[in-house]
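One-letter residues, chain by chain:
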Amino acid sequence: MANLPLFAPVPPPEVQSTIPPTEWELYMDAWILLLGLWLETSDAQFSESAPKDESAIVFLTTYYAQLSVRRTSGLHTGTKAKTLRKLCFLLTRRYLLEVSTSPPELLEWKYLGDICCSYPSSAAAKKLLSDVWSKHEETISSSLEKAKSTIMKQLTVMNPAKASGIISDIRLLTTLASVLPPSGQVLMAGSDYLDTFCDAYQMHWREDIRRILVANIYVGLVSLLKGPKPNLSLLLDQLFSLKASAGVGTSKTRKEATLLSDVICSSDLLVRLERYILTYPHKRGQDLVSSLHTYQSESKVFHHRYQKQKKQVDKGKGRASDLPRPEDLHIHKMSLVTQVQDLFPDLGSGYIVRLLDQFNDNPETVIAHLLDDSIPAQLQSLNKSEQLSQTVAHYDPLPPRATPLELTPEPEPVPTRKNVFDQDVDLAELARSNADGKLRFGRANPDLTADAILNDRSQHATNKAAIMSALATFDSDDDERDDTYDVADVGGTVDAMTANPEAEADAEIRNRKALLEAEQRDLTLFRAYKDNSGLFARDSATRRSQPRTSLKRETGMTDEAIEGWAVMLNRDPKRLSKLESKFSVTAGAPGGVLTQPELRPTAYRKPGDVGSESDTDEPSGSTSRGRGGSTRGPGRGGRRGGGGGRRGGANAGGAASGGQNTTVSRQRKEENKSSRANHNRRQQRAKKVARAGGMAG
């Protein structure tokens, strides 16, 4: 370690521009070699010699300072630049975590901010900064406090024309707070930092300065909700301070853009805060969020949401740049050319067109440069008498092309005739396929006898194998299917399924289990409904709440199913009363699973009334009785009614034909006969005669 050469610091940008590329490659090789030697040393040697070598510390600080700012230098492109960036990160990690006393220059907030800018979206860089904060929290916090005081002093006397230094420092602090949330919490401690930013926002009207201020405050406020120790109370205090500075909710509310309105309208701060309060309910925070939502709707006219610009993808639909310019593009410039030629008649039209292209078609500017003799050098060397026809080439959209050679096309094959008889046997083909060319009818060899065929053993093995394979596939127990009771033959419905007691028992067990689960789910939902009916509301806030999430997990139902259950419960009072009775029974049970079986009504029901589920105690044999004691059906009544009277299907005793007791029916008919008799019929006839005009027959 003692014999290793010292590090050379990274030269500033103005010096880098004068270094030839070949020489710069040698610098890169030397740095990579020396970094590799430092990283290969043992821990003991590194801990002893590293704090004494200031050249390595100067190299790291100058390297990251330029790597975070200049994105076009030689430190960013090429394989060697990538290797150098990796080795510098490893050496920094070794300095900050493996050395007992880390160099204070590497714990400054600017150096840590440069590391954040040099490794954007790097998980390794975030892990390194988190470990460094855990080990050197006091040193980094003191550096951040110094940065706060310096920035506050510079903001109070900042000149917008010379604000590049302070703007770069604020931007660097913003990047550090976004990667390392504890540093943002240090910035938000106290109210002086926030008050200074509020005053600076109202003082400076430039859009770029305001964006940097808003981004810094937004990252600092959001960092209070991050990390292992979120600080919600401090965040609410800072928001209340901003609210008081803006005069929200008072008569002094200013109808203008403020730092608070820009933060809540241009970012998602309220959304993050609302999500956090839903997870961890806080009454003070809920009231603040509701008031800020009102203020946000009033201030939307002053701001717009900051969004990252999307990269424009070149689809290749632009105009081709290699095509010559058409001549008609210079027609609109002819009036400008004549204006210049009136004062300078010796200049050619083509040369003047070039001058107009150079100075954005402004003839006054061209004339001024010609009078001052301040034409650029590349235009002074051109032919000043050049005419327009010499500069513009005629572009023919249809240039002549050589006629392609005519090739003799090959003759297409003649299509073959096809019809439905192609698969039939052609007797002519069979005749030609025979060896002797004769067409045979009957057996191929009529002289061959049965004894000769049986005695022929040439194909015995093949025939035996075929017979054995056929027997192997034959099942002697497989009878012919009995089609006696087929549906087509019987003319009715035949149950083709065989009875399976075990399957029926399993199905019954499954049905009972499903019913029990449904009852348990209803009781769970009803218990939650009785505790808090607002839990079944149809809004996004309720759906994201913790009680709704636990209810969905317990019942296994979706948000739509839970909300629909509540709607149907409100529409069905009978179901509500049943659930209340079940809930009252299960409330005293140890596990809440006790259910009372439903008792069926014991009143007598008419055998023919299968679908009747009436809960009344009226006997099914009784019917409605109209005036006069006659039994009426659902029709208009009387003799001509569809369901009453003797013609409506009743017998002489007034009983229905369904088989009721005739004696009972006669008794009911004779009950009131002594008092009313047939007066009802006479009165109805009198009314009918009166309506007819008294003309009785």
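Residues numbered from 1 in each chain as written. Predicted model: local features only at pLDDT ≥ 70, side-chain atom pairs only at ≥ 80, totals over all residues. Heavy atoms only, no water.

**Re helix α10 (residues 181-188)**
Inference 1: Among the eight residues of α10, six are classified as buried, and the element is accordingly described as predominantly covered.
Inference 2: A positive phi of about 90° marks glycine 190, the residue just after α10. (Buried < 20%, exposed > 50% of the residue type's maximum accessible area, 1.4 Å probe, protein only. Helix = DSSP H or I, 4+ residues; strand = E, 2+ residues; numbered from the N terminus.)

**Considerations on the side chain of threonine 196**
Inference 1: Within the secondary structure, threonine 196 is located in helix α11 (residues 192-203).
Inference 2: Apart from the residues within four sequence positions on either side, threonine 196 is in contact with Met152, Leu155 and Thr156. (Contact = heavy atoms within 4.5 Å.)

**Describing the packing of aromatic side chains**
Inference 1: Scanning all chains against the criterion turns up 18 aromatic pairs.
Inference 2: Sitting over the ring of tyrosine 201, arginine 210 keeps its end group 4.1 Å from the ring centre. (Phe/Tyr/Trp six-rings, centres within 6.5 Å; stacked < 30°, edge-to-face > 60°. Lys NZ or Arg CZ within 6 Å of the ring centre and 35° of its normal.)

**Structural notes on the pattern of salt bridges**
Inference 1: Counted according to the given criterion, the structure contains 19 salt bridges.
Inference 2: Note that aspartate 29 and lysine 80 form a salt bridge whose closest N and O atoms lie 2.9 Å from each other. Highlighted residues: aspartate 29 in helix α2 (residues 21-40) and lysine 80 in helix α5 (residues 79-97), separated in sequence by 51 residues.
Inference 3: When its relative accessible area of 32% is taken as the criterion, aspartate 29 is described as partly exposed.
Inference 4: For lysine 80, a relative accessible area of 32% translates into the label partly exposed.
Inference 5: Among the ionic pairs, arginine 512 bridges to glutamate 508, the shortest N-O distance being 2.8 Å. You can see arginine 512 and its partner glutamate 508 sitting in helix α26 (residues 501-531), four residues apart, about one turn around the helix. (Salt bridge = Lys/Arg side-chain N within 4 Å of Asp/Glu carboxyl O.)

**Overview of the nonpolar core**
Inference 1: Ranked by internal contacts, the top residues of the largest apolar core, which has 99 residues, are Tyr64, Tyr95 and Leu239.
Inference 2: If one sorts the elements of this core by residue count, helix α12 (residues 207-223) sits on top with nine residues.
Inference 3: If you count residues domain by domain, this core takes at least three from each of domain 1 (1-107) and domain 2 (136-304).
Inference 4: Other than its neighbours up to four places away in sequence, tyrosine 64 contacts Arg85, Cys88, Phe89, Thr92, Tyr111, Asp114, Ile115, Ser118 and Tyr119.
Inference 5: Listed in part, the 16 residues of the second largest apolar core include Leu336, Leu347, Tyr351 and Ile367. (Core = buried A, V, L, I, M, F, W, Y, C linked by side-chain atoms within 4.5 Å. Domains from an automatic or database assignment.)

**Digging into unusual backbone geometry**
Inference 1: Even without glycine at this site, asparagine 360 takes up a positive phi of about 60°.
Inference 2: Secondary-structure assignment places asparagine 360 in the loop between α18 (349-358) and α19 (363-372).
Inference 3: Among the residues examined, asparagine 360 registers a relative accessible area of 67% and is labelled exposed.
Inference 4: The phi torsion at aspartate 361 lies on the positive side, around 55°, for a residue other than glycine.

**Topic: empty space enclosed by the protein**
Inference 1: According to the stated counting rule, one finds one cavity of 30 Å³ or more in the structure shown.
Inference 2: Roughly 30 Å³ of internal volume is contained in the largest cavity.
Inference 3: Looking at the largest cavity, the residues that line it are Leu155, Met158, Ile167, Ile170, Ile209, Ile212 and Leu213.
Inference 4: Those elements that place two or more of their residues in the lining of the largest cavity are α9 (164-179) and α12.
Inference 5: A per-element tally of the lining of the largest cavity places α12 first, with three residues.
Inference 6: Counted by class, the lining of the largest cavity contains seven nonpolar, no polar and no charged residues. (1 Å grid on protein atoms, 1.4 Å probe; cavity = no way out; pocket = protein on both sides within 12 Å on 5 of 7 lines; lining within 4 Å. Points joined across faces, edges and corners; volume = space filled by probe spheres on them. Nonpolar A, V, L, I, M, F, W, Y, C, P; charged D, E, K, R; others polar.)

**Here we look at a nonpolar patch on the surface**
Inference 1: Residues Ile467, Met468 and Leu471 make up a contiguous nonpolar surface patch of roughly 320 Å² in combined accessible area.
Inference 2: Of note, leucine 471 is situated in helix α24 (residues 460-472).
Inference 3: Judged by relative accessible area, leucine 471 falls into the exposed class, the value being 54%. (Patch = residues over 30% accessible without salt bridge, like charges linked within 9 Å, V, L, I, M, F, W, Y side chains within 5 Å. Areas by Shrake-Rupley, 256 points an atom, 1.4 Å probe, with all protein chains shown as cover.)

Don't take any of this as a statement about function, it's just geometry.
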